[in-house]
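Spelled out, the chains give:
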Amino acid sequence: MHMGECGGFTNVILGNALCMAMDRVNLGASKDERLAEFNRYRDMWYNSHDTTHRWPKLTLGNLRTQKWGELSGPAIKAANTRCGVHLVRDCCKEVFKTPDEVDTYVVAVLSELSDWYDFLYEGGVFLEGSAPERFRELTISIGVRVLRLQEWWRINSKLHWSVKPKMHKMQHLPIYAELLNLRYLHVYMEEGHMGTIARIYQAAMR
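Right, let's walk through the structure included here.

What follows deals with the packing of helix 2 (residues 9-21) against helix 5 (residues 101-121). It is at 11 Å that the axes of helix 2 and helix 5 come closest, and there the two elements cross at 145 degrees. Relative to helix 5, the crossing made by helix 2 is left-handed. Of the residues in helix 5, those in contact with Phe-9, Thr-10, Ile-13, Leu-14, Ala-17 and Met-20 of helix 2 are Val-102, Val-106, Val-109, Leu-110, Leu-113, Trp-116 and Tyr-117.

Listed below in C-alpha cells is the structure:
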C-alpha cells in the first residue's frame, strides 16, 4: 500500500485537492489565511473522529513537490496520509460546492478514493463475489478523473495533478486484488529487513 501513501497516488490526489483549495477565496483572503482555516477544520475534524494517526498543522510547503501539487514533508507519513483521506474529502465537500466540472471532479475523486480505502480496510482477506469487480471500477474511475483533471490544468498552464509512475501502477492493483485483499500485503517488517540486507551488502563491498 506504500504505492499510495509514500510519494504515491494518494499524496498526489490529496496534495492537489488542497493546492486547489488554497486558491479559493471562500476560505480566506490569502493562502496563509486559507491554510489556517484548513488547519482549524483539521483540528475540529480530528476532535470529532476517532483517528489514531494524525497530521500536524500543515504548511504551504507540505502541498507541493518540485512545483507540482503533492502532499510531502518529514511529518507526512504513510499512516497519517491514509487516515487523512476522509479528512480532505470532508473539507473539500465544503470548499468545492459549485456545479463547475472541475469542482465536481475533485469531490468525486476524493469520495472514490475514500471508498477505495474503505473497501480494502473493511473487507476480509479475500474479496469475494462482486467485490473484485467493484474494486476495479473504483480504481479505473479514480485514474480517469485524475487524467481529466490533469488535462484541464494543462490547458490552463498549471502544474496540477501529475501522473506519476505509482499512479499508473495503481491501475494494475485490481489484478492482485482478485487473489488477495491488498491491505494484507503491506508488511512494515520487510522494510527493516531490506535495510539490514542493504547495510550488510554495502559493508561487504567496502
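Our focus in this paragraph is the packing of helix 4 (residues 78-95) against helix 5. Closest axis-to-axis distance for the helix 4/helix 5 pair is 9 Å, and the angle between their directions is 150 degrees. Between helix 4 and helix 5, the crossing angle belongs to the class labelled roughly antiparallel. In this structure, helix 4 crosses over helix 5, and the sense of that crossing is left-handed. For the pair helix 4 and helix 5, the contacting residues are Arg-82, Val-85, His-86, Val-88, Arg-89, Cys-92 and Lys-93 in the first and Val-107, Leu-110, Ser-111, Leu-113, Ser-114, Tyr-117, Asp-118 and Tyr-121 in the second. Broken down by class, the residue content of the contact of helix 4 with helix 5 amounts to eight nonpolar, three polar and four charged.

Parameters at a glance
- Residues numbered from 1 in each chain as written.
- Predicted model: local features only at pLDDT ≥ 70, side-chain atom pairs only at ≥ 80, totals over all residues.
- Heavy atoms only, no water.
- Axes fitted to C-alpha atoms, helices over the stretch in contact; angles between N-to-C directions.
- Helix = DSSP H or I, 4+ residues; strand = E, 2+ residues; numbered from the N terminus.
- Left-handed = near helix turned anticlockwise from the far one by under 90°.
- Contact = heavy atoms within 4.5 Å.
- Parallel < 35°, antiparallel > 145°, perpendicular 65-115°, else oblique.
- Nonpolar A, V, L, I, M, F, W, Y, C, P; charged D, E, K, R; others polar.

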